[in-house]
Amino acid sequence: MQQYSSLPEQNSQVDATPSLLATIQQLRAELWLECSLNKLQSRLNDYLVSVSASTVHVEATAAEIFQTVVDELDIALNNSRVAIALPQPQTTLAQICYVSNSASALEVTPQKGKKLRLKLTQMVEVADLQSLASQQPPSAWPLTSDSETIGWLIIAKAPQEVLTASQIQLKSELFTRVTQQLTNALAQLKQIQSWQQISQNIGSSNQELERTNQLKNQFLANTSHEIRTPLSSIIGFTHLLLAQGYEPSRERHQEYLNIIQSSGKHLLALINDILDLSKIEANQLEVQPEEVNVPELCRNVLALVKEKAANKGLKLRLELDSSVTTLVADPLRLKQMLLNLLFNAVKFTCNGEVGLKVISQAEFVNFTVWDTGIGISQLDQEQLFQPYFQIANSVTNRDEGTGLGLVVTKKLAEIHGGSVEVESELNQGSRFTIILPVKPVTEVQEYQKAQIDTTDITALAASNVVPSSNFRILLVEDDLPNGQLMQTYLERLGYQVTWIKNATAMWSTLAQQTPGLILIDIQLPDENGLQVVKQLRHHSEYQRIPVIAQTAMAMKGDRETCIASGVNEYISKPLDLPLLEALVAKYIQLPPATEASPS
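On a predicted model such as this, the values are computed, not experimentally measured, just so you know. (Residues numbered from 1 in each chain as written. Predicted model: local features only at pLDDT ≥ 70, side-chain atom pairs only at ≥ 80, totals over all residues. Heavy atoms only, no water.)

(A) Summary view of the sheet that holds strand β16 (residues 496–500). As summarised here, the arrangement of the five strands in space is β16-β15-β17-β18-β19, forming an open sheet in which the pairing is parallel. Both outer strands of the open sheet, β16 and β19 (569–572), are each paired with one neighbouring strand and no more. Averaged over all pairs of adjacent strands, the angle between strand axes in this sheet comes to 20 degrees, irrespective of strand direction. As paired elements, strand β18 (residues 547–551) and β19 share four bridges and run parallel to each other. Within the sheet, the bridge partner assigned to threonine 551 lies in β19 and is serine 572. (Pairing = 2+ DSSP bridges. Helix = DSSP H or I, 4+ residues; strand = E, 2+ residues; numbered from the N terminus. Axes fitted to C-alpha atoms, helices over the stretch in contact; angles between N-to-C directions.)

This is the structure:
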């Protein structure tokens with residue numbers, strides 16, 4: 001009985017063994033799953049770290065990731081039956097781009113009676129891949145990113161299954177998690193690429209900012225030098241003229257004044273160059289085309305360069321094509337372009353010649369400024385038209401200019417519809433050619449008509465005004481030196497000038513007298529001058545008084561703004577006194593005995 005009583009216990013132990021073995025097999029299968037996934041993730045992480053720490057080409061890394069997934073799955077499945085297909089743009093096909101290293105071919109069955117042997121580079125219908133994905137169990141898994149299919153993971157059936165039953169049960173989870181790992185890795189790779197691009201852009205921007213900062217510092221240093229040099233002359237010679245006990249001869253006195261005037265004009269030219277560049281960079285620089293007498297303009301330009309060339313012992317030459325007589329362009333801007341090139345040619349030439357050659361070529365006119373100077377290296381030629389760039393000059397003792405002349409010249413030529421070309425070799429001289437299109441005169445007429453159409457009615461009325469005999473002028477100016485200058489100059493012409501310094505005083509004065517003209521500054525201490533003019537135009541008793549705005553506002557649109565407020569004329573500072581005289585004379589007729597310009 002004791003023997004029989006022990007049999008149930010022995011049978012219980014035997015019955016428990018299969019359950020224990022199943023548990024062990026299940027644990028081994030789960031360990032196999034996690035180890036396979038961890039190994040794959042480790043290799044993917046290595047690739048991502050590698051590409052983030054270097055400049056490895058992202059497309060190459062993506063290929064390595066795809067191939068790694070194929071190879072790791074091949075190892076995990078213990079046979080050669082894995083592939084990845086990538087869809088082809090604008091087609092219904094996908095191409096097998098990655099296969100197991102040891103696989104000669106993969107065979108899948110998308111539908112009954114149809115088998116596909118998948119080889120590298122072979123094309124597959126996307127519909128067949130979708131069929132494989134819908135099978136139970138699936139043979140293909142779509143790889144998606146942002147709801148878009150970027151590929152297909154394909155698992156071919158092995159001739160003989162080598163996985164355990166527990167592993168087979170986990171195959172679907174394995175493939176699902178592998179596809180997730182793959183798409184995550186590709187998304188991270190894309191993000192790394194974005195970061196690298198941003199980093200590269202920041203690096204490029206930093207280099208450009210550093211270069212710009214260097215050019216800015218160089219520009220400021222050169223500009224400071226160019227400003228201080230004429231200022232030194234102005235201040236120095238003014239000090240001499242004011243010094244007690246020093247009485248120069250009349251000729252020397254006149255010489256000093258000429259130097260002061262010349263230095264002031266040099267400063268104005270420098271400021272104009274800077275303003276021109278600002279307008280160009282803001283796309284606000286406009287030209288006023290008209291019919292230009294080319295031979296006359298060229299001779300006038302060379303006359304301005306003659307003195308500088310003579311001081312260096314250089315000969316000036318002018319060659320004019322007889323067929324070139326007129327050209328439609330902005331004469332002031334064309335003159336500015338030619339002077340920039342000619343002054344540069346004189347600056348960089350020690351001895352020999354500087355010339356201007358004008359020829360007609362098809363539908364263009366070529367203005368070539370040439371010299372026998374030091375020439376320009378190929379490296380410097382590539383940077384010539386960069387703002388603030390200056391060639392290292394061994395001819396002069398110091399750097400001259402601000403590096404703006406060529407930039408402005410090139411932009412002005414382009415605004416005219418032309419271009420600037422340069423040819424040069426070291427120690428062989430240089431040739432700069434301005435190429436401008438030949439435009440019909442009708443374009444000038446159309447431009448002038450457009451200008452008239454857009455001119456303020458007040459300005460049109462002013463152009464036909466009959467000069468008044470009331471030669472009293474009300475000058476509204478808060479700047480003492482400018483106020484004194486205008487009052488002295490206009491009184492010497494014979495006008496009666498009442499000078500006041502703000503808008504409040506202007507209204508008080510108008511209540512006591514009616515001037516023949518109001519000369520008003522825009523920036524007044526108590527009110528904006530343009531608002532004052534608008535108020536004047538709303539008073540019937542002041543509507544017919546001519547108003548001239550004199551202001552330091554000299555940017556694009558400033559004149560139009562002043563005219564729109566109701567002024568009749570506009571003149572910018574620094575004042576051109578002869579122009580001021582002409583504008584005032586347009587509205588006030590002086591008695592014949594007092595009509596004379598100051599000596």
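(B) Quick peek at the confidence of the model for the protein chain. Per-residue confidence for the protein chain gives a mean pLDDT of 82; residues scoring 70 or more make up 85%. Confidence scores differ between elements of the protein chain, with helix α11 (residues 457–463) showing the lowest mean pLDDT of 41 and strand β12 (residues 364–371) the highest of 96. Confidence drops under a pLDDT of 50 for residues 10–14, and excluding neighbours within four residues, the segment shows zero contacts in the predicted structure. Between residues 450–463, whose pLDDT stays under 50, and residues either more than four places distant or in other chains, the model counts twelve contacts. (pLDDT = per-residue confidence, 0-100. Contact = heavy atoms within 4.5 Å.)

(C) Highlighting the sheet that holds strand β11 (residues 353–361). Pairing is mixed across the open sheet formed by five strands, whose spatial order is β9-β11-β12-β14-β13. Only two strands of the sheet have a single neighbouring strand rather than two, namely β9 (315–320) and β13 (419–424). If you compare each strand with its neighbour and ignore which way they point, the axes differ by 15 degrees on average. Where β13 and strand β14 (residues 430–437) come together, six bridges link them in antiparallel fashion. Bridge pairing links valine 420 to isoleucine 434 in β14.

(D) Structural detail: the nonpolar core. The biggest cluster of nonpolar side chains holds 43 residues, and the ones touching the most others in it are Phe367 and Ile434. In terms of residue count, helix α7 (residues 331–347) provides more of this core than any other element does, eight residues in total. Every residue in contact with isoleucine 434, bar those within four places of it in the chain, is listed here: Met337, Leu338, Leu341, Val365, Asn366, Phe367, Thr409, Ala413, Ser419 and Val420. In terms of nonpolar packing, the next biggest core, distinct from the first, is built from 34 residues, Ala29, Trp32, Leu40 and Ala62 among them. (Core = buried A, V, L, I, M, F, W, Y, C linked by side-chain atoms within 4.5 Å. Buried < 20%, exposed > 50% of the residue type's maximum accessible area, 1.4 Å probe, protein only.)

(E) The pairing of β16, seen in detail. With five bridges joining them, strand β15 (residues 472–476) and β16 adopt parallel strand pairing. By the bridge assignment, valine 476 is partnered in β16 with isoleucine 500. Read from β15 through helix α12 (residues 480–493) to β16, the crossover connection turns out right-handed. (Right-handed = clockwise from strand over helix to strand, strands pointing away.)

(F) Examining the packing of aromatic side chains more closely. Applying the stated criterion across every chain yields a total of four aromatic pairs. Taking 6.1 Å as the distance between ring centres and 50 degrees as the angle between the ring planes, the aromatic pair formed by tryptophan 507 and tyrosine 542 counts as tilted. With tryptophan 507 in helix α13 (residues 503–510) and tyrosine 542 in the loop between α14 (529–537) and β18, this residue pair connects regions lying 35 residues apart in the sequence. Judged by relative accessible area, tryptophan 507 falls into the partly exposed class, the value being 23%. (Phe/Tyr/Trp six-rings, centres within 6.5 Å; stacked < 30°, edge-to-face > 60°.)

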